[in-house]
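# Summary of the model geometry
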Amino acid sequence: MSRREIREQIFKMLFRVEFHDEEEYRQQLGLFMEESAPIEEENRQYIEGKFQDITDKLAEIDALINENATGWKTSRMGKVDLTLLRLAVYEIKYEESIPTGVAINEAVELAKQYGTDDSSSFVNGVLAKIV
């Protein structure tokens, strides 16, 4: 599984955060893994670990997004856009092995695939302000 495919899996799992209480995250992670195509153990552990790291830092990540999304708050953002911003902000701030440009580009590409016509420019604009 490529890094892009892994990132997409993390995005899909992280998207569920908006629909479930924090106490349900572990259960949702298990269900997601059962529903997904078979994932190698190494990739599975990476996805689970990254999901846990992101959800542990959600308050910090959301605060940073709220500070930089002019005229928007996370509570009003589209769920796809918010999820992509959370993933990219985590990668930019906490993943030293991922170059900032890669994190931004990948978020924009996923926004084109999963978001609205305006998602990619919105995500790019907010991330540009953060960096």
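Attention in this report is confined to the structure presented alongside it.

Thresholds applied
- Residues numbered from 1 in each chain as written.
- Predicted model: local features only at pLDDT ≥ 70, side-chain atom pairs only at ≥ 80, totals over all residues.
- Heavy atoms only, no water.
- Axes fitted to C-alpha atoms, helices over the stretch in contact; angles between N-to-C directions.
- Helix = DSSP H or I, 4+ residues; strand = E, 2+ residues; numbered from the N terminus.
- Parallel < 35°, antiparallel > 145°, perpendicular 65-115°, else oblique.
- Left-handed = near helix turned anticlockwise from the far one by under 90°.
- Contact = heavy atoms within 4.5 Å.
- Salt bridge = Lys/Arg side-chain N within 4 Å of Asp/Glu carboxyl O.
- Buried < 20%, exposed > 50% of the residue type's maximum accessible area, 1.4 Å probe, protein only.
- Phe/Tyr/Trp six-rings, centres within 6.5 Å; stacked < 30°, edge-to-face > 60°.
- Lys NZ or Arg CZ within 6 Å of the ring centre and 35° of its normal.

## Topic: the packing of helix 5 (residues 79–94) against helix 6 (residues 100–114)
With their axes 9 Å apart at the nearest point, helix 5 and helix 6 run at an angle of 165 degrees to one another. On the basis of their axis angle, the class for helix 5 and helix 6 is roughly antiparallel. For the pair helix 5 and helix 6, the crossing hand works out as right-handed. For the pair formed by helix 5 and helix 6, the contact residues are Val80, Leu84, Ala88, Glu91 and Ile92 on the first element and Thr100, Ala103, Ile104, Ala107, Leu110, Ala111 and Tyr114 on the second.

## Some points on the pattern of salt bridges
Two side chains bearing opposite charge may form a pair once their charged atoms approach each other closely. A full pass over the atoms with the stated rule returns ten salt bridges. Asp62 is the salt-bridge partner of Arg86, the closest N and O atoms lying 2.7 Å from each other. Linking Arg86 in helix 5 with Asp62 in helix 4 (residues 58–68), this pair joins segments that are 24 residues apart in sequence. Side by side, Arg86 and Asp62 carry an identical accessibility label, which is buried. For Glu109, the salt bridge is made with Lys112, and the minimal N-O distance between the two is 3.3 Å. On the criterion of helical spacing, the pair formed by Glu109 and Lys112 is a turn pair, its members being three residues apart in helix 6. Take Glu109: its relative accessible area is 30%, and that puts it in the partly exposed class. Residues participating in the shared-partner salt-bridge network are Arg4, Arg7, Lys50, Glu91 and Glu106.

## Notes on the packing of aromatic side chains
Applying the stated criterion across every chain yields a total of five aromatic pairs. Note on Phe15 and Phe19: the rings are 5.3 Å apart at their centroids and 55 degrees apart in plane angle, and the pair reads as tilted. Of the residues examined, Phe15 reaches a relative accessible area of 25% and is grouped as partly exposed. A ring pair is formed by Trp72 and Phe122, whose centres lie 5.5 Å apart and whose planes are at 65 degrees; its orientation type is edge-to-face. Taken together, the residues span a long stretch of sequence, with Trp72 in the loop between helix 4 and helix 5 and Phe122 in helix 7 (residues 119–130) at a distance of 50 residues. The structure contains a cluster of three or more aromatic residues connected by ring pairs, namely Phe11, Phe15, Phe19 and Tyr114. Over the ring of Trp72 we find Arg76, and its NZ or CZ is 4.6 Å from the ring centre.

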